[in-house]
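An overview of the molecular structure
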2 protein chains.
Amino acid sequence: MLMMDLFRSYLHQNRLPLTHQREAIAMALFEAEHHQSVDDLADLLRGRGEHVGKATIYRTLNLLVEAGLARELDFGEGFKRYEHQAGETQHDYLICTSCGKVARFRREAMDRLQADVASELGFAVQSRMLKIYGFCDACAGAESSGQAVGSPASVGAGPETG
Amino acid sequence: MLMMDLFRSYLHQNRLPLTHQREAIAMALFEAEHHQSVDDLADLLRGRGEHVGKATIYRTLNLLVEAGLARELDFGEGFKRYEHQAGETQHDYLICTSCGKVARFRREAMDRLQADVASELGFAVQSRMLKIYGFCDACAGAESSGQAVGSPASVGAGPETG
DNA sequence: CGTTGATTGAGTCTCGTTTTCAACGGTGAT
DNA sequence: ATCACCGTTGAAAACGAGACTCAATCAACG
């Protein structure tokens, strides 16, 4: 697997040992289709009969992020999620504040806009995180749409409203 | 002050009392120019001779967010920040991963892009959070720019890399 | 193989945020 | 004004994600 080779290469070049645990954690993340939490990964590994401490999962995920092979995500759930970064181009997120569904999308225009703004304000871009919050198709029907001042404050899964 | 009136109105319509603490906290946030942490606000209030417990600050900030008068921000510092939402239009953020400086910007194109994507994917937008990470002018000079696989993993104030 | 130096993991610690609960205080009615 | 109702307050405790500790373990290289 390519991703695994890249990880091995990263470890080797930084004189870090490739342990059984690191391999198992990286494999689990690389094989996963969606963004995984640390607990997700712990469960997944336990299911495979692997004994891996959570501290090690945290440490290995940080390694993978440093290696550029994974990205850290925060959908406001109170804990982080991780997804592998298979050399894919940057993508952005739509998040349903009702059911929590996350959809990914890509727009060239977004990259251009980012480059324009950055050069204008004198920033050298490293990465970005765009999250658009709202209601997905399925959830749009219901919802009391408590709009700001004056309503019952029925905001559900309150996102990072910024 | 307009913001304060809106808050009063929100409380009244929801049959919630306007306490001295709530007024003090809201005032402090409304008067603040930049995004404040809970500790910032606690210090500020203490400096004014107001005795307000942190639990109350948290609770009042949540109220303000529900009222649509404040927004919650997370710049990856390990704690949340809040800024008042004075009916201003949506804005986005550039964050220096080296010194932590935060710059705000606005682009019409961003709103259009958001609307396009949302309608295309069947989402009803509530809000968004766009954070562009990179190095500001001042910090761009130094930095070993540890680029992904193979380098010393010298990632500094690692942002939400997603 | 043996040595070296980093990793592992169960448990502990940290710290932001939430909850608890008894005392307190707005608010609207009287 | 006064009262009663009901939500608020705040100190302390609880909570939870994530980082740290340290002795035992293990990968890697000669």
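Treat the numbers as computed from the prediction; the structure is a model and nothing was measured. (Residues numbered from 1 in each chain as written. Chains lettered and ligands numbered in written order. Predicted model: local features only at pLDDT ≥ 70, side-chain atom pairs only at ≥ 80, totals over all residues. Heavy atoms only, no water.)

1. A word on the packing of helix 1 (residues 2-13) of chain A against helix 4 (residues 54-66) of chain A
Residue and element names in this part refer to chain A.
- Viewed as axis vectors pointing N to C, helix 1 and helix 4 meet at an angle of 95°, and their least axial separation amounts to 11 Å. It follows from the interaxial angle that helix 1 and helix 4 lie roughly perpendicular. Contacts between helix 1 and helix 4 involve Phe-7, Tyr-10 and Leu-11 from the first element and Thr-60, Leu-63, Leu-64 and Glu-66 from the second. (Axes fitted to C-alpha atoms, helices over the stretch in contact; angles between N-to-C directions. Helix = DSSP H or I, 4+ residues; strand = E, 2+ residues; numbered from the N terminus. Parallel < 35°, antiparallel > 145°, perpendicular 65-115°, else oblique. Contact = heavy atoms within 4.5 Å.)

2. Examining the interface of chain A and chain B
- Between chain A and chain B, the contact holds 58 residues from the first and 56 residues from the second.
- On the surface where chain A and chain B come into contact, there are two salt bridges.
- Its salt-bridge partner being Arg-107 of chain B, residue Glu-120 of chain A comes within 2.6 Å of it at the nearest N-O pair.
- Here chain A is connected to chain B by 14 residue pairs in polar contact (both at pLDDT 80 or more).
- When residues of the side of chain A that touches chain B are traced back to their parent elements, those giving at least two are helix 1, helix 4, strand 2 (70-73), strand 4 (92-96), strand 5 (102-105), helix 5 (108-121) and strand 6 (124-135) of chain A.
- By residue class, the composition of the side of chain A that touches chain B is 31 nonpolar, 15 polar and 12 charged.
- Bridge count for strand 6 of chain A against strand 6 (residues 124-135) of chain B is 11 bridges, and the pairing is antiparallel. If you follow Ile-132 of chain A over to strand 6 of chain B, its bridge partner there is Arg-128 of chain B. (Salt bridge = Lys/Arg side-chain N within 4 Å of Asp/Glu carboxyl O. Polar contact = N/O pair within 3.5 Å; in protein donor to acceptor, adjacent residues only side chain to side chain. Nonpolar A, V, L, I, M, F, W, Y, C, P; charged D, E, K, R; others polar. Pairing = 2+ DSSP bridges.)

3. Concerning the sheet that holds strand 3 (residues 81-84) of chain B
Residue and element names in this part refer to chain B.
- With antiparallel pairing, three strands are arranged side by side in an open sheet as 1-3-2. The open sheet terminates on both sides in strands that have one partner only, identified here as strand 1 (36-37) and strand 2 (70-73).
- Sitting on the sheet, helix 4 (residues 54-66) touches strand 2 and strand 3, and the angle it makes with strand 2 is about 115°.

4. With respect to the protein's contact with DNA strand C
- Thr-19, Arg-22 and Arg-59 of chain A together with Tyr-58 and Lys-80 of chain B are the nearest of the 20 residues found near DNA strand C.
- Gly-53 of chain A has a polar backbone atom sitting 3.1 Å from a phosphate oxygen of DNA strand C.
- For DNA strand C, a phosphate oxygen lies 3.5 Å from a polar atom in the side chain of His-12 of chain B.
- Counting residues per element, the ones that place at least two in the surface near DNA strand C are helix 2 (20-31) and helix 4 of chain A together with helix 4 of chain B.
- Grouping the amino acids of the surface near DNA strand C by side-chain chemistry returns nine nonpolar, seven polar and four charged. (Near = heavy atom within 4 Å.)

5. So, the environment of Phe-7 of chain A
Residue and element names in this part refer to chain A.
- One can find Phe-7 in helix 1.
- A sequence separation of 123 residues divides Phe-7 from Leu-130, and the C-alpha atoms of the two residues are 27 Å apart.
- If we skip the residues at most four places from it in the chain, Phe-7 touches Arg-22, Ala-26, Phe-30, Thr-60, Leu-64 and Leu-69.

6. Let's talk about the relation of the copies chain A and chain B
- Mapping chain A onto chain B calls for a screw motion: a turn of 179° about the axis and a shift of 0.0 Å along it, with 0.2 Å RMSD after fitting. The transformation just described matches what one would write down for a two-fold rotation axis. No C-alpha of chain A approaches the rotation axis more nearly than that of Leu-130 of chain A, which lies at 2.1 Å.
- Here 97% of the interface residues in chain A have copies in chain B that are interface residues too; the copies meet face to matching face. (Least-squares fit on C-alpha atoms with pLDDT ≥ 70 in both.)

7. Describing the protein's contact with DNA strand D
- Close to DNA strand D lie 21 residues, the nearest being Tyr-58 of chain A together with Thr-19, Arg-22, Thr-56 and Arg-59 of chain B.
- Looking at DNA strand D alone, sugar and phosphate atoms form 77% of those within 4 Å of the protein.
- At 2.9 Å from a sugar or linking oxygen of DNA strand D is found a side-chain nitrogen or oxygen belonging to Gln-21 of chain B.
- Thr-56 of chain B places a side-chain nitrogen or oxygen 2.8 Å from a phosphate oxygen of DNA strand D.
- The set of elements that each furnish at least two residues to the surface near DNA strand D consists of helix 4 of chain A together with helix 2 (20-31) and helix 4 of chain B.
- It is helix 4 of chain A that contributes the most residues to the surface near DNA strand D, four residues altogether.
- Grouping the amino acids of the surface near DNA strand D by side-chain chemistry returns nine nonpolar, eight polar and four charged.

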